[in-house]
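# Observations on the three-dimensional arrangement
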Amino acid sequence: MALAPSESLEWSLPVPSVQELAIQKLDKVPLRYVRDDLDQTTPSNPSLRVPLIDMNRLVNPEFHEKELQKLHFACQEWGVFQIINHGVSDESLSKMRQQVQEFFDLPLQEKKRWAQKPGSLEGYGQAFVTSEEQKLEWNDMIFLKTLPLQDRSLNFWPKNPQEFRKTLESYSEDMRNVAVSIVRFITMGLGLEAQKFCDTFKEGTYEIRMNCYPPCPEPERVIGLNPHADISGITLLLECGDTPGLQVLKDEHWVNVEPVNGAIVVNLGNIMEIISNGNYEAPDHRAVVNNSKQRMSIVTFCYPNPSVDIGPAEKLIKSGSPPVYKTLTNAEYFHSFFNRKLEVSFIDSLKI
Ligand code: OGA
Ligand code: NI
């Protein structure tokens, strides 16, 4: 989600493939990637760990209350946590990772069959590149809308590797199930009518971004993905291996999110921040790269059904505190995002 000077952010210019750059074994990164403007020096605290939530404990009456408290704390203090026992089989996760790996392993010309087209963010390429001067991220990606079915643009869905489409279809259903169950507990933690909110995610909108961060000769001079908060309700991130790279900003320090075998990383997006009336915040996060190993991640952005207005939950307003955010229709929310003034942070522009 790079910051770019343009009238609308809903399109992207083609830029070189970072994988192709990485193959050239350069000593130095091209100037367009050098980010001496970014504060890379903020030390991350290596002893801090993102909270780990066990979903088996959330559904077990014996441990429910304690784990729910832990979840509430995680949302309040971090806005990000990892979940285990989320109900998706290791086999499904591995299959998805395998397909994504095979896709990025294809020759460039083959991947380009699914390249982004002007006017659309979907497809293979880089997101939000809108000027020739803009600094670039050390990242190749493919972005696809996966649910509901009628939102799919199959012309961007790779047919190669052969199992890609089928695997992505079933993976997006798995992620919807995870989103529905974790949203239920997140809203329960807020003291809200949990069923109502998780129902809106049952009929929600889902988008998947598959990221590839090749090794980089000067990792400390580039950024894999610029710092940003997600505009989703929640985001589910699956690591493809054990190479770390995701960092989350906590108390003004970047904290590494260490991959946990079989876990899914959950982070809150702006919509959840708004629903919670600021009790929970969507954390800033970014991806850094390293000089030896390629890293891949599979990121699912989960949104409530577009018929639902986006605003602070009534119950949280009635109980005393005034609304911090405006209530917008879904269309207004996205319109504000894609047509925002870049000097103002998106979430701040939604504050009353
Ligand atoms: C994203 C994102 C982080 C990562 O795609 O929005 O935050 O580690 N990705 O890939
Ligand atoms: Ni993100």
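Keep in mind the model is a prediction, meaning the values are calculated, not measured.

## A closer look at helix H4 (residues 90-105)
- Compared with the 22 Å implied by 1.5 Å per residue over 16 residues, the 22 Å span of H4 between its first and last C-alpha is a close match.
- Restricting attention to buried positions, one finds in H4 the residues Leu93, Met96, Arg97, Gln99, Val100, Phe103 and Phe104. End-on, the buried residues of H4 take up no more than an arc of 160°, which puts them together on one face. Every exposed residue of H4 that faces more than 90 degrees away from the buried side is listed here: Asp90, Glu91 and Asp105.

## A short note on the packing of helix H3 (residues 64-77) against helix H6 (residues 164-189)
- Packing of H3 against H6 leaves a shortest axis separation of 9 Å and a crossing angle of 85°. Taken together, H3 and H6 sit at an angle that is classed as roughly perpendicular. In contact with His64, Leu68, Leu71, His72 and Cys75 of H3, H6 contributes Ile182, Phe185, Ile186, Met188 and Gly189.
- Within the contact of H3 with H6, the residues separate by chemical class into seven nonpolar, three polar and no charged.

## Here we look at the sheet that holds strand E7 (residues 234-239)
- With respect to topology, eight strands assemble into an open sheet ordered E1-E2-E10-E7-E12-E5-E4-E3, the strand pairing being mixed. One side of each edge strand has no neighbouring strand; the edge strands of this open sheet are strand E1 (52-54) and strand E3 (123-125). Between one strand and the next, the sheet's axes are offset by a mean angle of 25°, whatever the strand orientation.
- Bridging between strand E2 (residues 80-84) and strand E10 (residues 264-268) involves four bridges; their strand directions are antiparallel. If you follow Gln82 over to E10, its bridge partner there is Val265.
- Against the sheet, H6 contacts E2, strand E4 (140-147), strand E5 (205-213), E7, E10 and strand E12 (295-303), and its axis sits at roughly 115° relative to E5.

What counts and how
Note that residues are indexed from 1 along each chain, following the sequence as it is written. Numbering of ligands from 1 and lettering of chains from A proceed in the order in which they are written. The predicted origin of the model limits local features to residues at a pLDDT of at least 70 and limits the giving and counting of side-chain atom pairs to 80 or more, whereas totals for whole chains, interfaces and linings rest on all residues. Neither water nor hydrogens contribute to the side-chain values; these are computed over all heavy atoms in the structure. Under the scheme used here, helices are H or I runs from DSSP no shorter than 4 residues and strands are E runs no shorter than 2 residues, and both carry numbers assigned from the N terminus. The span one expects for a helix is its residue count, reduced by one, times 1.5 Å. Each residue is assigned to one of three classes by its accessible area relative to the maximum for its type, calculated with a 1.4 Å probe on protein chains only: buried under 20%, partly exposed between the two thresholds, exposed over 50%. Note that the arc is computed from the directions linking the helix axis to the C-beta atoms. Axes, fitted as lines to C-alpha atoms, cover a helix only where it is in contact. Angles between the N-to-C directions of the axes lie from 0 to 180 degrees. For classification purposes, angles smaller than 35 degrees are called roughly parallel, those larger than 145 roughly antiparallel, those between 65 and 115 roughly perpendicular, and all remaining angles oblique. By definition, residues are in contact when any of their heavy atoms lie within 4.5 Å. Here the nonpolar group is Ala, Val, Leu, Ile, Met, Phe, Trp, Tyr, Cys and Pro; Asp, Glu, Lys and Arg are the charged ones; every other residue, Gly included, is treated as polar. By the convention used here, strands pair only if DSSP detects at least 2 bridges between them.

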